[in-house]
Amino acid sequence: MTTVALKPATMAQALTRALRDAMAADPSVHVMGEDVGTLGGVFRVTDGLAKEFGEDRCTDTPLAEAGILGTAVGMAMYGLRPVVEMQFDAFAYPAFEQLISHVARMRNRTRGAMPLPLTIRVPYGGGIGGVEHHSDSSEAYYMATPGLHVVTPATVADAYGLLRASIASDDPVVFLEPKRLYWSKDSWNPDEPQSVEPIGRAVVRRPGRSATLITYGPSVPVCLEAAEAARAEGWDLEVVDLRSLVPFDDETVAASVRRTGRAVVVHESGGYGGPGGEIAARVSERCFHHLEAPVLRVAGFDIPYPPPMLERHHLPGVDRILDAVARLQWEAGN
Amino acid sequence: MTVMEQRGAYRPTPPPAWQPRTDPAPLLPDALPHRVLGTEAAAQVDPDLLRRLYTELVRGRRYNTQATALTKQGRLAVYPSSTGQEACEVAAALVLEERDWLFPSYRDTLAAVARGLDPVQALTLLRGDWHTGYDPREHRIAPLCTPLATQLPHAVGLAHAARLKGDDVVALALVGDGGTSEGDFHEALNFAAVWQAPVVFLVQNNGFAISVPLDKQTAAPSLAHKAVGYGMPGRLVDGNDAAAVHEVLSDAVRHARAGGGPTLVEAVTYRIEAHTNADDATRYRGDSEVETWRAHDPIVLLEQELTERGLLDEEGIQAAREAAETMAADLRARMNQDPVLDPMDLFAHVYAEPTPQLREQEAQLRAELAAEAEPDSAAGSESEGRGR
Ligand SMILES: Cc1ncc(C[n+]2csc(CCOP(=O)(O)OP(=O)(O)O)c2C)c(N)n1
């Protein structure tokens, strides 16, 4: 095994690096969106790309999300690999018609003759004190649309690996970037960035025996923190980071729940009609005889995303997760 | 200092950095739709082109009536006829080079056929067999697009990509008058103009969006006027004058290919049939209006021009009709065969690699199909399953 020099890096830096490496490796990769050129994106994820690759490869588009995605469809039809940036989660909605009516089904309606290799980067989720329309978690909409892959990294290394995998994918990928993790640092080797496993594999972030926390994106660090805190209560929690919501890694999730017998799904988007309902149902269907308690959900409230001063009450935090874990002791004697 | 403290008369000045960018006049369309047939300009048009347009119009009309007849026989789920609009459909197909791309809307089956697509393949979507029915890359015809105006940004993106790659490819995108109210129409025009993309937009203004007339769709002086605000030329043309549509579109395609950027063309035409075979047009328009337009029929206009100038005789007319009948007979014969469908295709093209979830569903359908094929043994295994 080679030892590599690990340095602290941010998720945003890893994403920039992934874009740069993808553009350098393949001249058909084009980055486009609002303010992605000179400014480098409002989160600076596309920083330097226009300078290095020219404005034809990293393009400031007019301000129109349907137009951005719609023209990207045409570019992909001609053989390019567009990587589209939607500036914020709630500003991707004007592009939904293009996404759902065209991006997601072009392969299907052309019987495989015209796949669309398109990556749609969407900074999503709350916790950054953003004003209205800057904190939505829209993953359930994407998950409900056949033909799209939906992925979301929680670590610096995954941000790099998953973005490279998404750009390399011959199918459209909605790449959800947890914006409150943009500046989170962890150890990473920027000199030798590694690609990850193919899209669709979950990973056990922390092994444990008492119960499984099933989570993804911005809630992964929260769940890891909850798992640390739970040790004091005598609970040894396993944390599964899904990484990919579509396809869904039933195997890793079910194997974990069969080991632990208990599960809580944690995410910040609303619970009703949210991803947690689907995940809980899948777990129940596969692990019914192993379950010691119903699968619980800790989700955001079923409300429009709250104003910044109230968002801490909405976001699933350590205490709410621990409360749910406590409720998993369904029958006394645990 | 406030305004009140300023000495002298208040004289409004333009904002400091503001300059009008260009004189919009060259972008404005003519006041009246451009015409060629029946005018002196017609003499300049290549007689072979006129004859070719004529043959294609006659074939196109026959195609429309044949496809409509197929809906009555239950062979097509629906058919939005372009009868009356054939000049636009045919010209759109003929002005393009092989390397160019056509972006049709759901009404433009005929444009695809005139471009050379097999008539049966062109009807696959409407037959209910499979969505697109052909390989778009092979024919350089995008899938017939049902959500209105959403194909327009695709055309812009494709044309832009081609130019980035150094190919002198032009995209021609078709849209109806109703479609010009959609956001995608405006976004596409704006992108095209900003990027100077080699794309031509052809609006077939046939008077109605299902039942809604143009005056309830827009307050603009004409749809071609919409071009000016985006910074591209707008052209207005008689959509039933095949020579005029061909000329205006050829100019626009040439302009785009030479790097001049996009053009918006509005063709003024009329939908003679109802919106589709399922629509009742008598609810929103009177017979007399339809009759006025019948007198301005694209085939009649061209036939007059050609016969008056001695370019077409009874024999020529007969030959065009016979060619059209041959096409129709072949279409009928092939459409009367039941298509053979494989239900497993449902899962074949959702992703490059089916997700594990789709593999499970695929297995389920395969088992269901096996059970259907062998009812007895299937019943046995099912009860066995229940017994466990
Ligand atoms: C986005 C969208 N909204 C509504 C419809 C339903 N629809 C189908 S055709 C049509 C009218 C279109 O009129 P126009 O653009 O003038 O085209 P024409 O039918 O006259 O060719 C409508 C409303 C649709 N296909 N797409």
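Look above for the structure.
Residues numbered from 1 in each chain as written. Chains lettered and ligands numbered in written order. Predicted model: local features only at pLDDT ≥ 70, side-chain atom pairs only at ≥ 80, totals over all residues. Heavy atoms only, no water.

Visitor: Could you give an account of the overall build of chain B, naming the residues involved and the relevant values?
Guide: Of the regular secondary structure elements, chain B holds 15 helices and seven strands. Oriented by its inertia axes, the alpha-carbon framework of chain B measures out at about 100 × 75 × 50 Å. Put simply, chain B has 388 residues, and 50% of those count as buried. The averaged location of the 57 negative side-chain charges in chain B is 4 Å from the averaged location of its 36 positive side-chain charges. (Helix = DSSP H or I, 4+ residues; strand = E, 2+ residues; numbered from the N terminus. Buried < 20%, exposed > 50% of the residue type's maximum accessible area, 1.4 Å probe, protein only. Lys, Arg positive; Asp, Glu negative; His and termini not counted. Charge placed at Lys NZ, Arg CZ, Asp CG, Glu CD.)

Visitor: Before we move on, can you summarise the packing of aromatic side chains with the specific residues and values?
Guide: Residue and element names in this part refer to chain A. According to the stated counting rule, one finds 16 aromatic pairs over all chains in the structure shown. Their ring planes at 40 degrees and their centres at 4.8 Å tell us that phenylalanine 43 and tyrosine 182 sit as a pair that is tilted. Of this pair, phenylalanine 43 sits in the loop between β2 (29–33) and α2 (49–53) while tyrosine 182 sits in the loop between β7 (173–178) and β8 (185–188); the two residues are 139 residues apart in sequence, bridging distant segments of the chain. Residue phenylalanine 43 shares its accessibility class with tyrosine 182, and that shared class is buried. When the centroid spacing of 6.0 Å and the interplanar angle of 85 degrees are considered together, the rings of tyrosine 93 and tyrosine 141 count as edge-to-face. With tyrosine 93 in the loop between β4 (81–85) and α4 (96–103) and tyrosine 141 in helix α6 (residues 139–143), the pair connects residues that are 48 residues apart, well separated along the chain. (Phe/Tyr/Trp six-rings, centres within 6.5 Å; stacked < 30°, edge-to-face > 60°.)

Visitor: Can you explain the interface of chain B and chain A? Please cite residues and give values.
Guide: Each partner contributes residues to the interface: chain B has 45 residues there, and chain A has 47 residues. Scanning the region where chain B abuts chain A turns up two salt bridges. Aspartate 345 of chain B is the salt-bridge partner of arginine 111 of chain A, the closest N and O atoms lying 3.3 Å from each other. Counting across the chain B and chain A interface gives 20 residue pairs in polar contact (both at pLDDT 80 or more). Secondary structure elements with two or more residues in the side of chain B that touches chain A: β1 (101–103), α6 (136–139), α7 (151–164), α8 (183–195) and α14 (356–373) of chain B. The leading source of residues in the side of chain B that touches chain A is α7 of chain B, at nine residues. When its residues are assigned to classes, the side of chain B that touches chain A shows 24 nonpolar, eleven polar and ten charged. (Contact = heavy atoms within 4.5 Å. Salt bridge = Lys/Arg side-chain N within 4 Å of Asp/Glu carboxyl O. Polar contact = N/O pair within 3.5 Å; in protein donor to acceptor, adjacent residues only side chain to side chain. Nonpolar A, V, L, I, M, F, W, Y, C, P; charged D, E, K, R; others polar.)

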